[in-house]
Amino acid sequence: MRRARGGTGGTDGSGTHGDGRGPGRSGRREGRREAPGRARLPLRRSLLGRLLAVSALVAACSVAATAWIAVQTTSGAIKQEQGQNLTADARIYDTLLDYAARNPTWDGVGATVRELARESGRRVALTTQGRQPLADSATAATAPALPPQASAVVDPLSVDTVLAARGTDGQDTAADRIDPRAVGPFRLSAADGKALRRTADDQVECLNRAGIASDVVVGASGRPRVQIVGNDPERALGTRCDLAALDEPTRSEQKALDALTELADACLKRQGREGVRLNNDLSWGDPASSAVPGEAGPLVPRVPLPAPVPSDAPMEDAAPSVVPPERTGENDRAIASCVSAARSEQLSSYVSSPALLFIGDEGGATLPGFDLSPANTARIAGAAALVLALTVGASVFAGARLVRPLHALTGAAQRMRDGERPESVPVSGDDEVGRLAAAFNDMSAHRARLEEQRKAMVSDVAHELRTPLSNIRGWLEAAQDGLADPDPAFVSSLLEEAVLLQHIIDDLQDLAAADAGVLRLHPGPVETRELLSQVAAAHQARAENAGVTLAVAATAPAPALRADPVRLRQAVGNLVSNAVRHTPEGGRVTLRAYASEEGDGAVLVEVADTGSGIPPEDLPHVFDRFWRAEKSRSRRTGGSGLGLAIVRKLVEAHGGTVDAASVEGEGSTFVLRLPGTTPPGP
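Small disclaimer: the values here were computed from a predicted structure and weren't measured.

## Description of unusual backbone geometry
Among all residues except glycine, the phi angle is most often negative; among peptide bonds, the trans geometry is most common.
Then comes step 1: The backbone of R131 shows a phi angle near 65°, a positive value even though the residue is not glycine.
Then comes step 2: Inspection of the secondary structure puts R131 in the loop between β1 (123-128) and β2 (133-136).
Then comes step 3: Looking at R131, the relative accessible area reads 37%, which means it is partly exposed.

## Quick notes on the packing of helix α11 (residues 528-538) against helix α13 (residues 565-581)
Then comes step 1: Where α11 meets α13, the axes come as close as 10 Å, and the angle between the chain directions of the two elements is 50°. By the angle between their axes, α11 is oblique relative to α13. Considering how the two elements wind past one another, α11 and α13 form a crossing that is right-handed. In this structure, α11 uses L531, L532, Q534 and V535 to contact α13, whose residues at the interface are P565, L568, R569, V572, G573 and V576.
Then comes step 2: Grouping the amino acids of the contact of α11 with α13 by side-chain chemistry returns seven nonpolar, two polar and one charged.

## Concerning the nonpolar core
Within soluble globular proteins, side chains that are nonpolar tend to cluster in buried spots.
Then comes step 1: Counting residues in each nonpolar core, the largest one holds 43 residues, and the members touching the most others are V572 and L591.
Then comes step 2: Counting residues per element, this core draws most heavily on α13, at seven residues.
Then comes step 3: In this structure, V572 is in contact with L531, L532, V535, L591, V605, V607 and L672, ignoring residues within four places of it in sequence.
Then comes step 4: Core analysis: the second largest hydrophobic core is formed by 22 residues, I92, L126, V159 and I359 among them.

## Overview of the sheet that holds strand β11 (residues 602-609)
Then comes step 1: Pairing is mixed across the open sheet formed by five strands, whose spatial order is β8-β10-β11-β13-β12. Lying at the two open borders of the sheet, with one neighbouring strand each, are β8 (549-552) and β12 (657-663). Sheet twist, expressed as the mean angle between neighbouring strand axes with direction ignored, is 15°.
Then comes step 2: Bridge analysis of strand β10 (residues 588-595) against β11 gives seven bridges, and the strand direction is antiparallel. If you follow V589 over to β11, its bridge partner there is D609.

## Some points on the pairing of β1
Then comes step 1: Counting buried positions over the six residues of β1 gives five, a clear majority of the element.
Then comes step 2: Where β1 and strand β6 (residues 355-360) come together, six bridges link them in antiparallel fashion. What sits directly across from R123, in β6, is G360.
Then comes step 3: Sheet topology places β1 next to β2; three bridges connect them, and they run antiparallel. Residue pairing in the sheet places L126 in a bridge with A135 of β2.
Then comes step 4: Counting the residues in the hairpin turn of β1 and β2 gives four residues, including R131, whose phi is positive at 65°.

## Concerning the packing of aromatic side chains
Then comes step 1: Counted by the stated rule, this structure contains three aromatic pairs.
Then comes step 2: Judged by centre distance (6.3 Å) and plane angle (80°), the ring pair of F623 and F670 falls under edge-to-face. Remark: F670 occurs in strand β13 (residues 667-675) and F623 occurs in the loop between β11 and α14 (635-638); sequence separation between them is 47 residues. A single burial state applies to F623 and to F670, both of which are buried.

## With respect to helix α6 (residues 251-270)
Then comes step 1: Over its 20 residues, α6 extends 29 Å from the first C-alpha to the last, a length consistent with the 28 Å expected when each residue adds 1.5 Å.
Then comes step 2: Of all the positions in α6, only E253, Q254, A256, L257, L260, T261, A264, D265, C267 and L268 are classed as buried.
Then comes step 3: In this structure, the buried side of α6 is in contact with α7 (329-347).
Then comes step 4: Residue G272 follows α6 closely and has a positive phi angle near 75°.

## Observations concerning α7
Then comes step 1: An ideal rise of 1.5 Å per residue puts 27 Å on 19 residues; α7 measures up with 27 Å between its terminal C-alpha atoms.
Then comes step 2: Along its buried surface, α7 packs onto α6.

## Comments concerning the state of the cysteines
Then comes step 1: Taken as a whole and assessed by the stated rule, the structure comprises two disulfides.
Then comes step 2: Here C267 pairs with C338 through a disulfide, and the sulfurs are 2.2 Å apart. Because the torsion about its S-S bond is -65°, the bridge between C267 and C338 counts as left-handed. Of this pair, C267 sits in helix α6 while C338 sits in helix α7, and the two are 71 residues apart along the sequence.
Then comes step 3: Owing to a relative accessible area of 12%, C267 belongs among the buried residues under this scheme.
Then comes step 4: C338 gets classed as buried once you look at its relative accessible area, which sits at 0%.
Then comes step 5: Counting only the cysteines that form disulfides, in the order they appear in the protein, gives the pairing 1-2, 3-4.

## Some thoughts on the pattern of salt bridges
When their charged atoms lie close together, side chains carrying opposite charge are able to pair.
Then comes step 1: Evaluated as defined, the whole model comprises 15 salt bridges.
Then comes step 2: R122 is the partner of D89 in a salt bridge, and the nearest nitrogen-oxygen pair spans 3.4 Å. Remark: R122 occurs in the loop between α3 (110-120) and β1 and D89 occurs in helix α2 (residues 47-102); sequence separation between them is 33 residues. Here D89 matches R122 in class, with each residue buried.
Then comes step 3: Here R91 makes a salt bridge to E119, at a shortest N to O gap of 3.0 Å.

## Some remarks on the side chain of R567
Then comes step 1: Residue position: R567 is located in helix α13.
Then comes step 2: The exposure class assigned to R567 is buried, which follows from its relative accessible area of 18%.
Then comes step 3: Not counting residues up to four positions away in its chain, the partners in contact with R567 are D510, L519, R520, L521, L650 and H654.

## Concerning the sheet that holds β2
Then comes step 1: If you walk across this open sheet you meet the four strands as β2-β1-β6-β3, and the pairing is antiparallel. Of all strands in the sheet, those bounded by a partner on one side alone are β2 and β3 (152-154). In this sheet, neighbouring strand axes are inclined to one another by 25° on average, regardless of whether the strands run parallel or antiparallel.

## A few points about the confidence of the model for the protein
Then comes step 1: The pLDDT averaged across the protein works out to 76; a share of 77% of its residues lies at or above 70.
Then comes step 2: The secondary structure element of the protein with the lowest average pLDDT is helix α1 (residues 24-37), at 40, and the one with the highest is β8, at 93.
Then comes step 3: Note that pLDDT drops below 50 for residues 1-37; the model gives that stretch 148 contacts with residues more than four away or on any other chain.
Then comes step 4: Taken as a whole, residues 287-322 scores under 50 in pLDDT and shows 68 contacts with residues more than four places along the chain or in a different chain.

## Looking at the environment of V552
Then comes step 1: Mapped onto the elements, V552 comes out in strand β8.
Then comes step 2: By relative accessible area, V552 is classed as partly exposed at 30%.
Then comes step 3: Taking the C-alpha atoms as reference points, V552 and L591, 39 residues apart in sequence, are found 4.6 Å from one another.
Then comes step 4: Excluding its chain neighbours within four sequence positions, the residues that come into contact with V552 are L532, S533, A536 and L591.

What counts as what
- The numbers attached to residues start from 1 for each chain and follow its sequence in the written order.
- Where local features are concerned, this predicted model is filtered to residues with pLDDT of at least 70; where side-chain atom pairs are given and counted, the filter is 80 or more; whole-chain, interface and lining totals use all residues.
- Values shown for side chains rest on all heavy atoms present in the structure; no hydrogens or waters enter the calculation.
- Runs of H or I in DSSP of at least four residues are treated as helices and runs of E of at least two as strands, each being numbered from the N terminus.
- Any residue under 20% of the maximum accessible area for its type is buried, any over 50% is exposed, and the rest in between are partly exposed; the area is computed with a 1.4 Å probe on protein chains only.
- To define axes, lines are fitted to C-alpha atoms, for helices over the stretch in contact only, and angles between the resulting N-to-C directions are given on a 0 to 180 degree scale.
- In this scheme, roughly parallel covers angles under 35 degrees and roughly antiparallel covers those over 145, while 65 to 115 is roughly perpendicular and the rest are oblique.
- By convention, the crossing between two helices is left-handed when the near helix turns anticlockwise from the far helix through less than a right angle, and right-handed when the turn is clockwise.
- Two residues qualify as a contact provided that any one of their heavy atoms is within 4.5 Å of a heavy atom in the partner residue.
- Polar here means any residue outside two lists: the nonpolar Ala, Val, Leu, Ile, Met, Phe, Trp, Tyr, Cys and Pro, and the charged Asp, Glu, Lys and Arg; Gly therefore counts as polar.
- Residues belong to a common nonpolar core when they are buried Ala, Val, Leu, Ile, Met, Phe, Trp, Tyr or Cys residues joined through side-chain atoms within 4.5 Å.
- Should DSSP find at least two bridges between two strands, the strands are taken to pair.
- Between 30 and 60 degrees the pair is tilted, below 30 it is stacked and above 60 it is edge-to-face, where a pair is any two Phe, Tyr or Trp rings, Trp via its six-membered ring, whose centres lie within 6.5 Å.
- Residue count minus one, scaled by 1.5 Å, sets the expected span of a helix.
- Here, a disulfide means two cysteine sulfur atoms that sit within 2.5 Å of each other.
- A side-chain nitrogen of Lys or Arg and a carboxyl oxygen of Asp or Glu constitute a salt bridge if their distance falls within 4 Å.
- For every residue, the predictor states its confidence as a pLDDT score lying anywhere from 0 to 100.

The structure is reproduced here in C-alpha cells:
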C-alpha cells in the first residue's frame, strides 16, 4: 500500500531542499538592491556625455567657423571701405586746401564743393570755425545736422600732414606745415613767368644737345626750373649751359624775400637774438649754392640771393646784416620758428581763413555703410554649407553608433515576440546602451529558464496527477473485472490515492492564490515555542521511523509574533518533512525560534538538520516549483517538488523572507524571517 504524505505532502522530491532562486526571496531582494546600488556611470563614459560632447564639438566648430568668416569678411570690408573713404577724404581735403592756398576768401567755393560731392558720392560741407555755413552739397530742402566733430580743418597755414601726404600721393610736405601752394607775394606775374620760361626752355635745349635729358617743371609760384631726368643730376655741371640764369630773382620775388627777412628779424630781436639773412631757398647762414638742375627743390618758392649792394649805397638801403649769427642748435630752432611765424604772417592776407570740413553721407552719418560683395556672400554661404555638412556628418556618425545596438535589441525582441528561441545581443560597452543590452540578455535568459520551467511544470503536474489516477483506475477496473475484492484494504488504498490527488491540487491552488495575491490569511497572536512543539509532535512518528531525532531548542524568552497559525504551521511543517526525508538514520533535526540580533524586532524560525546537504550549484534552485536535482526521483522518494515553493509564498504573504544555507555532507539550515510584535529598538 502507498504511504500517505504525512501531513505536508508538499515537500520537494529532490535530493535538495527545494527549488531555485537562490536563498529564497531574500536572494531576490538582494538582487534587486544590487542594481540601484551600482555606481552611476561617469559623464565621460555615458551616452549623455557623448551626446553632449558631440553637440559641444559641433557648436564650437560652428561658432568658430562663423566667427572666423565674420571677422575676415567684416575686417576686410571695413579696411577696404576705410581705405577708400580715407583716400576720397584726402582728395577732397587736398582740393579744398589748394583752393584756400590760391584764394584769399572762400567766395565761389560752392561749385568746387558740389563737384567733389558728385565725384565721391558723399556729402561735403564747409563752415567757419564758428560753424557758420560756407558751402554744403546737401540737396535736401532741410539739410541734416552736421556731426559735432569735424572731419578736418582746412587751413593752408597749418596742414594736416596725414591727409596732405595722401592728397599729394606721398610727396613731402613742408616741415613748418604751410601748404607749398600758398606762395602769396612770391607769385610771378605773367610777363616774368613767360620770360623765365623762355630761359628754362633754352637751358633744356642746351642740355639735350649735350646728351642730358631734362624737362621744365613749373612751381606753384609760376617759376620754372629745369629737372634732370635720371638719378645723376650733377652731370649738368660739366656743360656750357648757363644754368644759373634761372636763379636770379625777379623784383617782386626780391621784395617779398626782403619783407619776409624783416619779419623774421623782428621776431628774433624780440627774443634778444641777432637777425639773419635768408637765402633763396629760405635757409640761413652761408649762401646756398645754386640748386642743381633736375634736383627736386623745397616745396616753398625758390628765391635767389639778393643782388650785391654797392659800397657807396646808403646803409639803410642795404640788405640785412651779412654777419651770420652763431650756429647753435638753440639758435637754429629759434630762427626756424621765427621764419615759420614770419611766413604765416606774410601769407595770411593771401590765403583763405581756416574752415571746418565735414564729410559724410547724405543721411548725415560720418561713416557710410557697405554691402557684402558677391564674393563675400559666396564665402559665407560656402562656410555655412561646410559647417552644415560637418554637423550632419557628425550627427549621422554618432546616431548610427547609438542606433545600431538599439536596432539589434528591437530585432531580438520582435523575434522573441514571434515565438522564436530567445537569443542574446552583443554588448558593445559599459554605457547606458551596453547596460540595456546586458539587461536584455539577462531577461532573455531568464525568460528561457521560465519557459523551460513552465514546460517542466506542465510535465510534472501531468506526471503527479497521472500516477494516482492510473492506480485508482487500475484498481477499479480490476474490481469491475472481478480480479479484486472491494474489501477494506482495497477501499483504503483507493482513499490513499485520492488523498494524494487532493494534496497535489491543494498545493497548486495555494501557489495560484499566492501568485494572484488572494491567499487568505487569518493573523493572530502566535507563541512560537508552542507552534514549533505542535509541528514537532505531528512529525515525531515519521522521524522515529526514519531513526532521526526531532527536537525543539529552548529559547528564553520565547518571542511572540502575529501570524496565521495554520499557514505558519504548514510552512514550518513542510520544512520539517523535507529535513526528515533527507536526514540519514542517526541524524538530528532541530527547531528553534529566536529574536533577531539586528534590533529590528523580527522573529527568526530556524529548521536545521544534519542531513546530506545541498550541492552549491543546486542551492539557487531549491525554491523552484517541481525542480529536482535528481530527475530519476519520483514522488515516492522525493515528494512533488512544491513544498518549498509553498513555504516561500506563505512567508512572503506574512511580509517575511526565507533563506537557505547548506554545506554538502554536513546538513542544511532554513530560516524564516517574520515581522514580530515587539517594536524595534532604538
